[in-house]
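Remarks on the overall topology
In case you want the letters, here they are:
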Amino acid sequence: MPKAVFYFDFASPNAYLSHRVIPQIEARTGVKFDYVPVLLGGLFKLTGNQAPMIAFGGIRNKLAYEARETERFVARHKLTAYRMNPHFPVNTLRLMRGAVAAQQLGVFDAYVETGFKAMWEDGQKMDDPAVMAEVLAKAGLDAEALTAKAETPEVKQGLLNNTEAACEAGAFGIPTFAIDGEIWFGKDRLREVEEAIVGG
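One structure accompanies this document, and this report is about it. Because the structure is a prediction, the values reported are computed rather than measured. (Residues numbered from 1 in each chain as written. Predicted model: local features only at pLDDT ≥ 70, side-chain atom pairs only at ≥ 80, totals over all residues. Heavy atoms only, no water.)

So, about the pattern of salt bridges. Counted under the stated rule, the structure contains 14 salt bridges. For R28, the salt bridge identified is with E194, shortest N-O distance 2.8 Å. Of this pair, R28 sits in helix α1 (residues 13–29) while E194 sits in helix α10 (residues 190–199); the two residues are 166 residues apart in sequence, bridging distant segments of the chain. A relative accessible area of 52% places R28 in the exposed class. By relative accessible area, which is 16% here, E194 ends up buried. The residue D127 makes a salt bridge to K125 at a minimum N-O spacing of 3.1 Å. (Salt bridge = Lys/Arg side-chain N within 4 Å of Asp/Glu carboxyl O. Helix = DSSP H or I, 4+ residues; strand = E, 2+ residues; numbered from the N terminus. Buried < 20%, exposed > 50% of the residue type's maximum accessible area, 1.4 Å probe, protein only.)

Shown next as structure tokens:
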């Protein structure tokens, strides 16, 4: 079986959209994606990249086209729960450290689902510690334990290591996918990602 990796940050709406489509690819191919939490801002710094609203803000029609592409993707995959977060951009440093902590505490899958849903369906301001704690608790997660674990040097270094490793693997933005080390960037490459899995 090919090794499939999904580098993600909750800050990215395209990561959320990918997260909603990945289970369909897993069901069709039998390959399970390894979710790797990285810090998008850190990845930007390592690669010299910028957020699209900054990089393309001065280009006529570019951002409008990107918005239309998102609408098409949402319609194609029937992702009717998707909502642009009214607090965007959201600083996800604490949330991403929490993802690494969740891996270590054995609640990663539930944490990932909770984080994406809160950000891109429920419009929560997840860089507010009180809001984050409430969201986690309502999802049945131990917010206190996750928050405490997320502040440990081990977890902070783990997120940094993930981000640096993603850069070394060729990533420059989120979402990035890797199939046996070959990378694809962006939700619109998921069809090619699936073809690579099947072909591999």
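Moving on: the sheet that holds strand β3 (residues 176–179). With respect to topology, four strands assemble into an open sheet ordered β2-β1-β3-β4, the strand pairing being mixed. Edge positions in the sheet fall to β2 (33–37) and β4 (182–185), since each of these pairs with one other strand and no more. Recorded for the sheet is a direction-independent mean angle of 25° between the axes of neighbouring strands. Bridge count between β3 and β4: four bridges; the pairing is antiparallel. Each residue of the ladder has a partner; that of F177, found in β4, is W184. (Pairing = 2+ DSSP bridges. Axes fitted to C-alpha atoms, helices over the stretch in contact; angles between N-to-C directions.)

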